[in-house]
Amino acid sequence: MESFRKGLKRLAGRSEVSVLLAVILLGLLFSVFSANFLSSYNIYNLSRTAALYIFIALSQTCVILVGGMNLSVGYIGGMTVVASGYMMQNMGAGILAAVIGGLVVGVLAGLLNGLVITKLKINSFVVTLATSFFFKGLVTGVSEGFPYTVLAPGFTTLGRGMFLGLPYMLYLVILVLAAVWYLFGYTVIGRKLLATGGNLQAAKMAAINTDSTIIIANVLSGLFAAVAGLCSVSMNGSAQPTTGGDWMVYSFAVSVIGGTALAGGAISAVGLFIAAFLIVMIKNGLVMINANIYYEQTYLGLILLVAVSLSSISGFLSRRRQRRQFLMEQRQRSAEQMPQGIE
Amino acid sequence: MESFRKGLKRLAGRSEVSVLLAVILLGLLFSVFSANFLSSYNIYNLSRTAALYIFIALSQTCVILVGGMNLSVGYIGGMTVVASGYMMQNMGAGILAAVIGGLVVGVLAGLLNGLVITKLKINSFVVTLATSFFFKGLVTGVSEGFPYTVLAPGFTTLGRGMFLGLPYMLYLVILVLAAVWYLFGYTVIGRKLLATGGNLQAAKMAAINTDSTIIIANVLSGLFAAVAGLCSVSMNGSAQPTTGGDWMVYSFAVSVIGGTALAGGAISAVGLFIAAFLIVMIKNGLVMINANIYYEQTYLGLILLVAVSLSSISGFLSRRRQRRQFLMEQRQRSAEQMPQGIE
Amino acid sequence: AEALYAWYFPTAHPYGEEVKSFAEVFMEKEGVEIKFLMGSDWNQSTQDANMRALVADGYMNITTFPASDGAAGLYDELKSFGVNVVGFGGATSQQTELFCIATDVEAAAYAAAGYAIEAMGGKGGILNVLEVLSDTNTLKRKAGVEACIKDHEGVELVQQVADITSIAEGVEKISAALTSNIGKIQGVVCTGNQASSAAVQVLDDYFARNPDAEKIYLVCIDTPDDVMQGIEKGVVYGTIAQNTYAHGFVPMLILKKLNEGYSKVDGTYFIDSGTVLVTKDNMTTFKDDLMKVTEQILADLEVKYLKK
Amino acid sequence: MLEVRDATKIFPGVRALDSVSVAFRKGEVHALMGENGAGKSTLMKILTGIYHPDAGSVFIDGEQVHLKSYHDAIAHEIAMVYQEIQVIPRSTVAENIVLDKLGRFTNRAGQVNWAKINELAQTYLDLVDLKVQPTDRIGGMTVAQKQLIQIAKALSGNATYILMDEPTSSLTRYESENLFLIIRRLRDEGRGIIFVSHKIEECMELCDTVTVLRDGRLIGTRPIGELTRKELIRMMIGREEDIMPLGTLDISGDTILEARHIGKAGQFTDVSLSLKKGEILGLYGLVGAGRTELARLIAGAEKMDTGQVIIDGKPVKIRSLREAMARHRLGYVTENRKEEGLILGFSVKENVIITVLRRMVRKICTISTRKCVSLTRHMIGHLDIKTPSEHTPVENLSGGNQQKVSLAKWLAADCRILIIDEPTVGVDVGAKRQIHEIIWGLAKDDHKSVILISSDLTEMLTLARRILVFKDYQIVAEITGLNREGVDYKDISEQIGAAIV
Ligand SMILES: Nc1ncnc2c1ncn2[C@@H]1O[C@H](COP(=O)(O)OP(=O)(O)OP(=O)(O)O)[C@@H](O)[C@H]1O
Ligand SMILES: Nc1ncnc2c1ncn2[C@@H]1O[C@H](COP(=O)(O)OP(=O)(O)OP(=O)(O)O)[C@@H](O)[C@H]1O
Ligand SMILES: [Mg+2]
Ligand SMILES: [Mg+2]
């Protein structure tokens, strides 16, 4: 019993739990105010978007956890979209070729970022700021703004299909999250990545080749951005060069709310999952409960603020409780000592 | 002579110098390819936009240097724009009232950011991500997307006037930069801000109230964003609620290229000045030389990448030179010792 | 169940507001309840999420403006759920909405360039100001302007600028292009809303500074306050007014008719809402001209586009 | 045999090593000694591939090796305990211990075997006698605990050559003794140990051979048995060490600071102490006994739950370090100069003036550069800080000089009460003496009151005139009678030992 309570307490301290709490509370609230919030279509819908956001967030998380940032996630996604679209429409590529082509583009873009960051020793923020302009230009340059509408047959299966009422994409992302969890929990390279982000200097002194871990992180980031890009194409049924324009902000929002420490060195697969649902749910719920259209963003901001405050507030409360208890014990003790002193 | 060369060398190590070099090179290049690049109108134009960018960058710099970030700069600017526009158009406010109103909004927004960051102890990135949604919602909510076109008479003087061929705004921003330089070089509060950014823990242990320095930094950030907002209104001749949408990216680009260390604790007024010109010049020059419109961003990205690489490349070269020189001395020394040994 | 109607626009925007006001006219006239919604950001993913939320909430009749060409995927998917989507203001290249009531942008751009060339006296150089590159309409506008210039001997396309996402950016780029081509540009064609406002500002400033400079004829799009003031001042030669009344009113009417048992005539899709050049002469009366086009569309509706 | 020949390393402005050749043999403990900035750490880093020498090279058993990174060093059976303790704060103790050889702990599928790692970590934690769980996070631990973990890490590699750069700087006698046992055993197994320390007794007791560096130059390598303490010090600092007892203090004045019944959830239940004007009060105890924590409570860096602080007979509430300094002129010199004491990227000047910014103001809120420079120069002279100029970034100074800067800023603040935590961690003999004299001077001449926290018993006995012995967040003994001539230190050491164990 005691250990169960302790376990609960430790759980409550974790940021994921407070975000989960926020998700549950909001879910209740929205479903009270809108009968259709929990309709099967809406759940399908929510979870598909959440899955996309998780891929986007993973792309960001990979670099955050080695202590960097990637401002170019969205445009890497955009390049993947254009590459796969171009291959299918203009070269008649099949699904496999288009997917591989898209992923290769993402990996190369990540590799470029990683190489510049490590070899020229420039801050990742600055590098990816510059490359995001670069990639964006390539996207508009190649596509001239036009979408590629001729896809390989069956390309939309992933993005539009469902199983047991839930989208394929959700299953895919759960698989990927499991792989990520394994990677960072149980493989040497995963631990090296985490160590690099935890303390670069210490990692170097522990014989870790931090340049290569940083490059690997950036390649992974490119890879996940590419996966997100391919998912978008599959969802949209066409390859839209505008894809990715708003990914950067959401990639950070989901990563950070999901418990990826901005200082690096930490990742939580479960946290990412919950955080993506939080954000997607807020945006969806506000529409469903018919919130004032002009102030929608204000509510979104407020709810986000409260959600991220929860863990700091709960920490504060638990510290206060601890102190109270200590004071009570202290008082008891002095009360016990009194008679002794008199004796 | 020797000391002059040494001075030059020390200078060359500073990142500002390599950015300045980039500015000069690009300037030459553009003026070769476009006869009007150095025309008085273009210079007026460039320097006005650069002045705006400097204000935007200052807003970011203030928080970067205490080790934080402000993702909401643009929307604080937007709120100022809407507030001053609303006051002038709907309440008939004069210049002074509108300016004060706008500045107060900026300061309050910064204060809000600062208070949440310090009191709830949440990362500035997360807080300003949330408040940027919040502020953006307020902007759309109040303005409903409409610009305010009725300004107080004379409100455009600052943004459109010139003196000796250069815009008033440039003079204003130079004054402000001088003030900033003084603030961080020669006042107690400035030094405290820098110390906070240099090492938060150490600053705390040196009896600095880091909570209040962080709040002050955020208030300053809000103030500068507000100034930038007012400048935009004055330049545009109307209060556009869309103002600020692209400020965040440029605020970081100018700050960081201008030598504000992302880790905090450093600022360079001169660096900001040069970096703003670099970015504005690239954008302007690309139009002037009639670059391919679809690939414009690619060029911008490439040039930025090269510009930020310069300092790291020059550092590398100077280290190599130093080592070579040392080895030569070493060889000489051993050559000298030889005969001695024989004697 | 009763049919639920919704109206969606990507973000708070003067054009959207104007269209919305005419949809409200419809609401009053026909006694139909409409849910109005605007996105927080002008981007496709927000539109996707919000319109899907509307559908989840039971709104099966939606009229909307595409945030990008990617809206086609959304419309297509919603169609498979039985949602009626009618577009206004811009068409998607895949034409997945039932109908689209919009300005024929290529024709409008061609016309705008034509007006500028006419005012220039049939010769000289033109600066073509495009707006958002990721918008497929941009390429159509580019084609329209280029075609018109090709058709006029003695007229030259001096430069094109694009990728303008805010007025400030527009001001920067337009003034840079003007400066680098002083004396070579006699006409400016703007086919985007923000670009128009920016161009008005640049030319206003330019002529205030150089009162004796050679005249530059500017043709804009839309009729916001600053453009109209520009026309009055003589800075703007003219502007292409779009038929916002039709954009607001007609889609709602079509949706209502579809629910009353009408269906779409095969092969129909695009409904040209027409444009009018607004100059100093017709500043007060141009709306009547547009109204005539609208009336024609309304008359054609049950003849050309819908069948019982 | 591990050898460097003609190793030279230059950093901007300094020649950290100048043609140094040394050979380290298997089966011996080889001390590397020298003043702060002599180049010891630089030499160690060259031996482990962290730095690449500008000239000269490394040989193992007569064969030249090219060490490109620490990774190569490990491959050549060389392990090192760094002077700058660096850990991955979010990782567990066990992971920190095995991090450099994580690849050895996977199964065939490449899966990391945590059970095996924890088991191995436990073995080495037991070996260094550190009572933490392998699965604990290393984040909040004290410097001393981290240092022991670093030692465990180096030992766990089973390397042939183990390099230890000031492994005992944060340890007390008792932990050190244990370490020496381990080192002797390793030597007997035929491994080569290179041992850097500023504690001369330690080296004389433990090591077989000593190499002394001064200003980047090799002074000599000798068997330690041939040297007396005096000679060794002369090799290091180029002159005789002057040891003189510091004398007595005048502690007849009033009580200036009193802490009554201090309590803090999870730590202290009830601790009281008092400090007289002009007194130096020592707090002694094992690693993690709670001295630092108590100091932080008193200085206002953390909030106490119960209890009271009384200054000049008046109860006061100190809510922050700022209040402590501004209202009560009470300062706290941290034990952790890297993370809490210094802004490493800032110049010496900026670090020194940080506590006294207000006093540097000339007219209308302008800080006078001249005032700053003169104060800094004064401090550089007073503490004999070795730095190219007052504008040098502190991170470019050697460890001992950094420590002096950390102290200098609190001396500049001119406090009435100063709590000094581990003032001479990593400071060489010469400088240590200077720091002792400075602390002594504070009490003797300026009549300031000092609370001294130190894990160095000799230092404690030299300076403190009363010692409180801590154990598990309680005061277990008070040693008095130190403020007179002719104290029997041996007796007192035993007294303290009895209290702790
Ligand atoms: N990374 C560096 N950059 C610049 N100078 C350095 C660097 N590392 C060391 N130095 C300088 O090289 C010299 C030797 O330093 P080193 O750290 O080897 O001394 P040390 O003998 O270990 O001193 P301590 O006992 O204080 O640790 C010092 O003058 C120091 O300032
Ligand atoms: N910032 C902190 N966060 C969490 N725990 C801490 C922190 N500082 C100290 N502790 C814990 O408090 C205990 C007491 O540490 P403290 O530093 O007060 O001991 P000390 O007597 O000064 O010994 P040391 O020689 O290690 O400095 C340690 O076990 C340590 O784990
Ligand atoms: Mg050292
Ligand atoms: Mg301690």
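Being a predicted model, the structure only gives us computed values, none of them experimental. (Residues numbered from 1 in each chain as written. Chains lettered and ligands numbered in written order. Predicted model: local features only at pLDDT ≥ 70, side-chain atom pairs only at ≥ 80, totals over all residues. Heavy atoms only, no water.)

A. Representation of the overall build of chain C. Regarding its fold elements, chain C presents 10 helices and 14 strands. Its C-alpha atoms give chain C a radius of gyration of 20 Å, near enough to 19 Å, the size a compact globule of 308 residues would have. Along the first, second and third principal axes, the C-alpha atoms of chain C reach 70 × 35 × 30 Å. Going through the 308 residues of chain C one by one, you find that 65% of them count as buried. Of the contacts made within chain C by residues no fewer than 6 positions apart, 71% connect residues no fewer than 24 positions apart. As presented, chain C carries roughly 10,700 Å² of accessible surface, and 49% of it is formed by carbon and sulfur atoms. Each charge class in chain C was averaged separately, 24 positive and 43 negative side chains, and the resulting centres sit 2 Å apart. (Helix = DSSP H or I, 4+ residues; strand = E, 2+ residues; numbered from the N terminus. Rg over C-alpha atoms; globule rule 2.2 N^0.38 Å. Buried < 20%, exposed > 50% of the residue type's maximum accessible area, 1.4 Å probe, protein only. Contact = heavy atoms within 4.5 Å. Areas by Shrake-Rupley, 256 points an atom, 1.4 Å probe, with all protein chains shown as cover. Lys, Arg positive; Asp, Glu negative; His and termini not counted. Charge placed at Lys NZ, Arg CZ, Asp CG, Glu CD.)

B. Spatial organisation of the packing of helix 6 (residues 167–180) of chain C against helix 7 (residues 193–209) of chain C. Residues and elements named next belong to chain C. The contact between helix 6 and helix 7 brings their axes to 8 Å, and the two run at 55°. On the basis of their axis angle, the class for helix 6 and helix 7 is oblique. Here the hand of the crossing between helix 6 and helix 7 comes out right-handed. Two secondary-structure elements touch here, helix 6 through Ile167, Gly170, Val171, Ile174, Ser175 and Leu178 and helix 7 through Gln194, Ala195, Ser197, Ala198, Ala199, Gln201, Val202 and Leu203. Looking at the contact of helix 6 with helix 7, its residues break down into nine nonpolar, five polar and no charged. (Axes fitted to C-alpha atoms, helices over the stretch in contact; angles between N-to-C directions. Parallel < 35°, antiparallel > 145°, perpendicular 65-115°, else oblique. Left-handed = near helix turned anticlockwise from the far one by under 90°. Nonpolar A, V, L, I, M, F, W, Y, C, P; charged D, E, K, R; others polar.)

C. Layout of the interface of chain B and chain A. On the chain A side, the residues contacting the 40 residues of chain B number 40 residues. Contact between chain B and chain A buries roughly 3,600 Å² in total, counting both sides, with carbon and sulfur atoms accounting for 80%. Of all residues in chain B, Phe133, Tyr294 and Gln297 of chain B give up the largest surface area on contact with chain A, accounting jointly for 18% of the area buried on that side. Across the contact surface, chain B and chain A share zero salt bridges. (Buried area = accessible area lost by both parts, 1.4 Å probe. Salt bridge = Lys/Arg side-chain N within 4 Å of Asp/Glu carboxyl O.)

D. Representation of the coordination of the magnesium ion (ligand 3). Residues and elements named next belong to chain D. Donor atoms from the polypeptide that bind the magnesium ion (ligand 3) are Ser41 (OG) and Gln83 (OE1), placed at 1.9 to 2.0 Å. Residue Ser41 is located in helix 1 (residues 40–47), and its partner Gln83 is located in the loop between strand 6 (78–81) and helix 3 (93–98); the two are separated by 42 residues in the primary sequence. The same class applies to Ser41 and to Gln83, which are both buried. (Donors = N, O, S within 2.8 Å, 3.2 Å for Na, K, Ca; no water.)

E. Structural detail: the state of the cysteines. All told, the structure shown has zero disulfides over all chains when counted by the stated rule. For the unlinked cysteine Cys231 of chain B, the closest cysteine sulfur is that of Cys62 of chain B, found at 15 Å. (Disulfide = S-S within 2.5 Å.)

F. Here's a closer look at the relation of the copies chain B and chain A. In the superposition of chain B on chain A (RMSD 0.2 Å, axial shift 0.0 Å), the rotation amounts to 180°. What the superposition gives is, in effect, a two-fold axis relating one chain to the other. Here 100% of the contact residues of chain B are again contact residues in chain A; the copies associate through an equivalent surface. (Least-squares fit on C-alpha atoms with pLDDT ≥ 70 in both.)

G. Local environment of the packing of aromatic side chains. Under the counting rule described, the total for this entry stands at 42 aromatic pairs over all chains. Ring plane angle 85° and centroid distance 6.0 Å describe the contact between Tyr217 of chain C and Tyr237 of chain C, whose orientation is recorded as edge-to-face. One end of the pair, Tyr217 of chain C, is in strand 9 (residues 217–221); the other, Tyr237 of chain C, is in the loop between helix 8 (225–233) and strand 10 (238–242), with 20 residues separating them in the sequence. A residue is classified by how much of its surface remains accessible, and Tyr237 of chain C, at 28% relative accessible area, is partly exposed. Through pairs of rings, three or more aromatic residues link up here, namely Trp7, Phe9, Tyr15, Phe36, Phe65 and Phe88 of chain C. Above the face of the Tyr44 of chain B ring, Arg209 of chain C is positioned so that its terminal group lies 4.6 Å from the ring centre. Lys215 of chain C extends its terminal NZ or CZ atom over the ring of Tyr217 of chain C, reaching a point 5.7 Å from the ring centre. (Phe/Tyr/Trp six-rings, centres within 6.5 Å; stacked < 30°, edge-to-face > 60°. Lys NZ or Arg CZ within 6 Å of the ring centre and 35° of its normal.)

H. Just helix 4 (residues 73–91) of chain A, in detail. Residues and elements named next belong to chain A. Here helix 4 is 19 residues long and its end C-alpha atoms lie 26 Å apart, about the 27 Å a rise of 1.5 Å per residue gives. Counted residue by residue, helix 4 has 15 buried out of 19 residues, so it is predominantly covered. Following helix 4 by one or two positions, Gly92 adopts a phi angle in the positive range, close to 65°. (Expected span 1.5 Å × (residues − 1).)

I. Broad picture of a nonpolar patch on the surface. A contiguous nonpolar patch, built from Leu96, Ile100, Val104, Leu108, Leu111 and Leu115 of chain A and spanning about 520 Å² of accessible area, is present on the exposed surface. In this fold, Leu115 of chain A is placed in helix 5 (residues 95–119). (Patch = residues over 30% accessible without salt bridge, like charges linked within 9 Å, V, L, I, M, F, W, Y side chains within 5 Å.)

J. Region of the structure containing the environment of Ser252 of chain D. Looking at the secondary structure, you find Ser252 of chain D in the loop between helix 8 (229–237) and strand 11 (255–263). For Ser252 of chain D, a relative accessible area of 63% gives the class exposed.

K. Geometry of the coordination of the magnesium ion (ligand 4). Within the protein, the atoms that donate to the magnesium ion (ligand 4) are Thr292 of chain D (OG1) and Glu335 of chain D (OE), at distances of 1.8 to 2.5 Å. Highlighted residues: Thr292 of chain D in helix 9 (residues 291–299) and Glu335 of chain D in the loop between strand 16 (330–333) and helix 11 (337–341), separated in sequence by 43 residues.

L. Summary view of the site of ligand 2. Residue and element names in this part refer to chain D. Around ligand 2, the structure places 15 residues, and the nearest of them are Gly290, Arg291, Thr292, Glu293 and Tyr473. In this structure, Ala289 approaches ligand 2 through a main-chain N or O atom, which is 3.1 Å from an oxygen atom. In this structure, an oxygen atom belonging to ligand 2 sits 2.9 Å away from a side-chain N or O atom of Glu335. Per-class residue counts for the shell around ligand 2 are five nonpolar, seven polar and three charged. Looking at the shell around ligand 2, you find at least three residues from each of domain 1 (2–237) and domain 2 (242–329 + 416–501). (Near = heavy atom within 4 Å. Polar contact = N/O pair within 3.5 Å; in protein donor to acceptor, adjacent residues only side chain to side chain. Domains from an automatic or database assignment.)

M. A look at the sheet that holds strand 8 (residues 187–190) of chain C. Residue and element names in this part refer to chain C. Read from one edge of the open sheet, six strands run 7-6-8-9-10-13, paired in mixed fashion. Looking at which strands have only one partner, the edges of the open sheet turn out to be strand 7 (155–161) and strand 13 (275–278). Each neighbouring strand pair of the sheet contributes to a mean axis angle of 20°, computed without reference to strand direction. (Pairing = 2+ DSSP bridges.)

N. Quick look at the interface of chain D and chain A. Chain D puts 29 residues into the contact, and the matching count from chain A is 27 residues. A combined buried area of about 2,300 Å² lies between chain D and chain A, and 64% of that area is made up of carbon and sulfur atoms. On inspection of chain D and its partner chain A, the count reaches two salt bridges. Arg191 of chain A is the partner of Glu95 of chain D in a salt bridge, and the nearest nitrogen-oxygen pair spans 2.4 Å. Applying the counting rule to chain D against chain A returns eight residue pairs in polar contact (both at pLDDT 80 or more). Among the elements that take part in the side of chain D that touches chain A, helix 2 (residues 70–75) of chain D stands out by supplying three residues, more than any other.

O. Spatial organisation of the arrangement of the chains. Contacts are most numerous between chains A and B, considering all five pairs of chains that are in contact. In this assembly chain C lies apart from chain D, the nearest approach of their C-alpha atoms being 36 Å.

P. Region of interest: the packing of helix 14 (residues 399–412) of chain D against helix 15 (residues 429–444) of chain D. All names here are of chain D. One way to put it is that helix 14 packs onto helix 15 with a least axis distance of 12 Å and a crossing angle of 15°. Taken as axis vectors, helix 14 and helix 15 run roughly parallel relative to one another. In this structure, helix 14 meets helix 15 at a crossing whose hand is left-handed. Where helix 14 approaches helix 15, its residues Lys404, Leu407 and Leu411 are matched on the opposing element by Ala431, Gln434, Ile435, Ile438 and Leu442.

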